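Structural description and commentary
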Amino acid sequence: MKITALEWGRVSIPLRTPFKTALRTVASVEDIILRIHTDTEHVGFGEAPPTGVITGDTAEGICGALKNHLAPALLGREVEDFETLMHTVQTALVHNSSAKAAVDMALWDLYGKRYGIPVYKLLGGARNQLVTDLTISVNSPEEMARDARIAIDRGFDCLKMKVGVDPALDVARLAAVRAAVPADTVIRIDANQAWTPREAVRILNGMQEKGLDIELVEQPVKAHDLEGLKYVTQHSYVPVLADEAVFGPEDALRILQLGAADLINIKLMKCGGIHNALKIATLAELYGVQCMIGCMLEGRVAVNAAAHLACARGIVTKVDLDGPMLCASDPVRGGAVFQEKDITLPDAPGLGVTDVEGVIPIDAVRL
Ligand code: MG
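Residues numbered from 1 in each chain as written. Predicted model: local features only at pLDDT ≥ 70, side-chain atom pairs only at ≥ 80, totals over all residues. Heavy atoms only, no water.

Considerations on unusual backbone geometry
- Residues other than glycine seldom take positive phi values, yet Asn96 does so here, at roughly 55°.
- Looking at the element boundaries, Asn96 is found in the loop between helix H3 (82–91) and helix H4 (97–115). (Helix = DSSP H or I, 4+ residues; strand = E, 2+ residues; numbered from the N terminus.)

The following block contains the structure:
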């Protein structure tokens, strides 16, 4: 199966409601959709959301990486030469993890289609179902309590809340949500690097002393501050999950060696795709550290690829793949079925995606 063309375009998916974090407010998912064509009828699908504030990847940067580095390295190559192709993707240029992730997942899609097997089975996965949390957007305590109740009524039993701008208001929001949901509802929080290490410990322990019962906190301190992250991990009552601090396997190894976090968040857009995500999962297994599978604000091509990875590795015990649930429409055909909190992978070959509608072409490179 020879790679004959890479073609990419832009798709815009409106969100149900604007998504607010400590870093930004977003009204729609703006995505780059990649198709890798072959000399067979099979097409591999990939996706890269430009999330400059987290990955540094912009739409223009993703397109440039595809056109000038990744496409020339892949055209004419055989998909069966898979392990070497994976190496090519990661070494074609430095950084640019989102563009690499799009190419990586499109190649996994093709490899699975080539042999007629779903990617999660190709990776040895036995389960084909996941249960995701849902992020409650940052608003007034009353609005968040109302949104949390709506989520519970929809069947969600695990809620994620963004915190980090105003500690007193965060506590008020969490208390309002905690009071509005059943006692066994899991509440996890994400500070997106907002605190200093000392602030984080004070705020997190204060939350637990108030009975807010927080399951875990994502990235309480700056991404580069591993010593600070370790300080929080050692002194906080709330388990700490490293997110922005872990891009590739090298970052994961450093954090595991330091004991800087209790948990690791794997996102394909940070690590450059399934190939590196598997390495992180293996490292985490060695250290007995459970992983979360997460996503950016992204569509169902990439989230679907993340679901395949998660179904393949038991060390991935926490699922934060609510991107498609936050979207008002879905241009993706085939792939994982998202039914409120339940994600189910079909038995279709590869990643199972058959088309993405409404893609506005940007560029293509052909043999
Ligand atoms: Mg996070």
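A look at the domain arrangement of the protein chain
- With domains assigned, the protein chain is organised as domain 1 (3–116 + 355–366) and domain 2 (121–354).
- On a C-alpha basis, the centroid separation for the pair domain 1 and domain 2 is 23 Å.
- Both sides of the domain 1 and domain 2 interface together cover about 3,800 Å² of buried area, and 67% of this is carbon and sulfur.
- In terms of surface lost to domain 2, no three residues of domain 1 exceed Arg16, Phe19 and Trp108, which account for 16% of the buried area on that side.
- Linking domain 1 to domain 2 there are one salt bridge.
- Residues Arg333 and Glu357 are paired through a salt bridge, measuring 3.0 Å at the closest nitrogen-oxygen approach.
- Counting only elements with at least two residues in the side of domain 1 that touches domain 2, the list comes to strand E1 (3–20), strand E2 (25–38), strand E3 (43–48), helix H1 (52–55), H3, H4 and strand E16 (353–356).
- Ranked by residue count, the leading element in the side of domain 1 that touches domain 2 is H4, at eleven residues.
- Its residues assigned to classes, the side of domain 1 that touches domain 2 comprises 20 nonpolar, nine polar and eleven charged. (Domains from an automatic or database assignment. Buried area = accessible area lost by both parts, 1.4 Å probe. Salt bridge = Lys/Arg side-chain N within 4 Å of Asp/Glu carboxyl O. Nonpolar A, V, L, I, M, F, W, Y, C, P; charged D, E, K, R; others polar.)

Brief notes about the pairing of E2
- Sheet topology places E1 next to E2; 13 bridges connect them, and they run antiparallel. Bridge pairing in E2 links Lys20 to Thr25.
- Judged from the six bridges that link them, E2 and E3 form a sheet pairing that is antiparallel. The residue of E3 that forms the bridge with Ile32 is Ala48.
- Adjacent in sequence and paired antiparallel, E2 and E3 are bridged by four residues. (Pairing = 2+ DSSP bridges.)

Let's talk about the coordination of the magnesium ion
- Donor atoms from the polypeptide that coordinate the magnesium ion comprise Asp190 (OD), Glu218 (OE) and Asp243 (OD), at 2.0 to 2.2 Å from the metal.
- Positions of the donor residues of the magnesium ion along the chain correspond to the pattern D-x27-E-x24-D. Of this pair, Asp190 sits in strand E7 (residues 186–190) while Glu218 is found in strand E8 (residues 214–218), placing the two residues 28 residues apart along the sequence.
- Among the residues examined, Glu218 registers a relative accessible area of 0% and is labelled buried. (Donors = N, O, S within 2.8 Å, 3.2 Å for Na, K, Ca; no water. Buried < 20%, exposed > 50% of the residue type's maximum accessible area, 1.4 Å probe, protein only.)

Some words on the packing of helix H10 (residues 249–258) against helix H12 (residues 274–287)
- Viewed as axis vectors pointing N to C, H10 and H12 meet at an angle of 10°, and their least axial separation amounts to 9 Å. One element, H10, and the other, H12, form an angle in the roughly parallel class. The interaxial crossing formed by H10 with H12 has right-handed handedness. Contact residues: Pro249, Ala252, Leu253, Leu256 and Gln257 in H10; Asn276, Lys279, Ile280, Leu283, Ala284 and Tyr287 in H12.
- Looking at the contact of H10 with H12, its residues break down into eight nonpolar, two polar and one charged. (Axes fitted to C-alpha atoms, helices over the stretch in contact; angles between N-to-C directions. Parallel < 35°, antiparallel > 145°, perpendicular 65-115°, else oblique. Left-handed = near helix turned anticlockwise from the far one by under 90°. Contact = heavy atoms within 4.5 Å.)

Details of the packing of aromatic side chains
- Throughout the structure, instances matching the rule amount to three aromatic pairs.
- Note on Phe82 and Trp108: the rings are 4.8 Å apart at their centroids and 75° apart in plane angle, and the pair reads as edge-to-face. In this pair, Phe82 sits in helix H3 while Trp108 sits in helix H4, placing the two residues 26 residues apart along the sequence. Each member of the pair, Phe82 as well as Trp108, is classed as buried.
- Both rings, one in Phe82 and one in Tyr111, keep their centres 4.2 Å apart while their planes meet at 15°; by these two values the pair is stacked. With a gap of 29 residues between them, Phe82 in helix H3 and Tyr111 in helix H4 connect regions that are remote in the sequence. (Phe/Tyr/Trp six-rings, centres within 6.5 Å; stacked < 30°, edge-to-face > 60°.)

Some thoughts on the environment of Arg173
- With respect to the helices and strands, the residue Arg173 is situated in helix H7 (residues 167–180).
- Linking Arg173 and Val138, residues 35 residues apart in sequence, is a C-alpha distance of 8.6 Å.
- If we ignore the near neighbours within four places in the chain, the residues touching Arg173 are Val138, Asn139, Pro141, Met144 and Met161.

A look at the side chain of Asp320
- If you trace the backbone, Asp320 turns up in strand E12 (residues 316–320).
- Classification of Asp320 as buried rests on a relative accessible area of 3%.
- A distance of 2.6 Å separates the side chain of Asp320 from the side chain of Lys160, its partner in a polar contact.
- Each residue touching Asp320, except ones within four places of it in the same chain, is listed here: Thr132, Asp133, Thr135, Lys160, Glu218, Met292, Ile293, Gly294 and Cys295. (Polar contact = N/O pair within 3.5 Å; in protein donor to acceptor, adjacent residues only side chain to side chain.)

Section: the nonpolar core
- Formed by 131 residues in total, the largest nonpolar core has its most connected members in Leu107, Ile255, Ile264 and Leu321.
- There are two domains that each give this core at least three residues, and those are domain 1 (3–116 + 355–366) and domain 2 (121–354).
- Filtering out sequence-adjacent residues up to four positions away, Ile255 remains in contact with Leu226, Leu229, Ala242, Ala245, Val246, Ala260, Ala261 and Ile264. (Core = buried A, V, L, I, M, F, W, Y, C linked by side-chain atoms within 4.5 Å.)

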